Amino acid sequence: MPNIKYEIKETIGILSENNKGWAKELNLISWNDREPKYDLRDWGPEHEKMGKGVTLSRVELKKLKELLNELDL
């Protein structure tokens, strides 16, 4: 598996944290020196390990926000 370079440009927020210190976070991340995108995934303590996640462009994040606003929560 090739090395993946990433840089967390901005931590937007933590949605949850488990008892092992892993946190589900929404961050703005640059992957492999590309334009930063919004990223939602689980991170280990100190961001040394990560779980599977989803990466969204600004347009996709706006659409997701619209869809969430339509939900009756």
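Looking at an unreviewed UniProt entry, the protein carries the name YdbC family protein, with the source organism given as Vallitalea maricola.

Caption draft 1: Geometry of the sheet that holds strand S2 (residues 23–31). The antiparallel open sheet is built from 4 strands, whose spatial order is S1-S2-S3-S4. Strands with a single pairing partner mark the edges of an open sheet, and in this sheet they are strand S1 (6–17) and strand S4 (50–56). When the angles between neighbouring strand axes are averaged without regard to direction, this sheet yields 25°. Taken together, the 7 bridges between S2 and strand S3 (residues 37–43) define a ladder with antiparallel strand orientation. Bridge pairing in S3 links Ile29 to Lys37. Most of the contacts of helix H1 (residues 58–70) go to S4, to which it runs at about 90°, and overall it touches S3 and S4.

Caption draft 2: Quick look at the pattern of salt bridges. Inspection of every chain in the model, using the stated rule, returns 5 salt bridges. For Lys5, the salt bridge identified is with Asp33, shortest N-O distance 3.0 Å. Residue Lys5 is found in the segment before S1, and its partner Asp33 is found in the loop between S2 and S3; the two are separated by 28 residues along the sequence. Judged by relative accessible area, which is 48%, Lys5 ranks as partly exposed. With a relative accessible area of 60%, Asp33 lands in the exposed category. Across the pair Arg41 and Asp39 runs a salt bridge, and its minimum N-O distance is 2.7 Å. The buried category is assigned to Arg41, whose relative accessible area is 10%.

Caption draft 3: Looking closely at unusual backbone geometry. With a phi angle near 65°, Glu46 is a residue other than glycine that sits in the positive phi range. With respect to the helices and strands, Glu46 occurs in the loop between S3 and S4. Using a relative accessible area of 76% as the deciding quantity, one classes Glu46 as exposed. Residue His47 is not a glycine yet carries a positive backbone phi of 60°. Relative to the elements of secondary structure, His47 occurs in the loop between S3 and S4. Judged by its relative accessible area of 26%, His47 falls in the partly exposed class.

What counts and what doesn't
- Residues numbered from 1 in each chain as written.
- Predicted model: local features only at pLDDT ≥ 70, side-chain atom pairs only at ≥ 80, totals over all residues.
- Heavy atoms only, no water.
- Pairing = 2+ DSSP bridges.
- Helix = DSSP H or I, 4+ residues; strand = E, 2+ residues; numbered from the N terminus.
- Axes fitted to C-alpha atoms, helices over the stretch in contact; angles between N-to-C directions.
- Contact = heavy atoms within 4.5 Å.
- Salt bridge = Lys/Arg side-chain N within 4 Å of Asp/Glu carboxyl O.
- Buried < 20%, exposed > 50% of the residue type's maximum accessible area, 1.4 Å probe, protein only.

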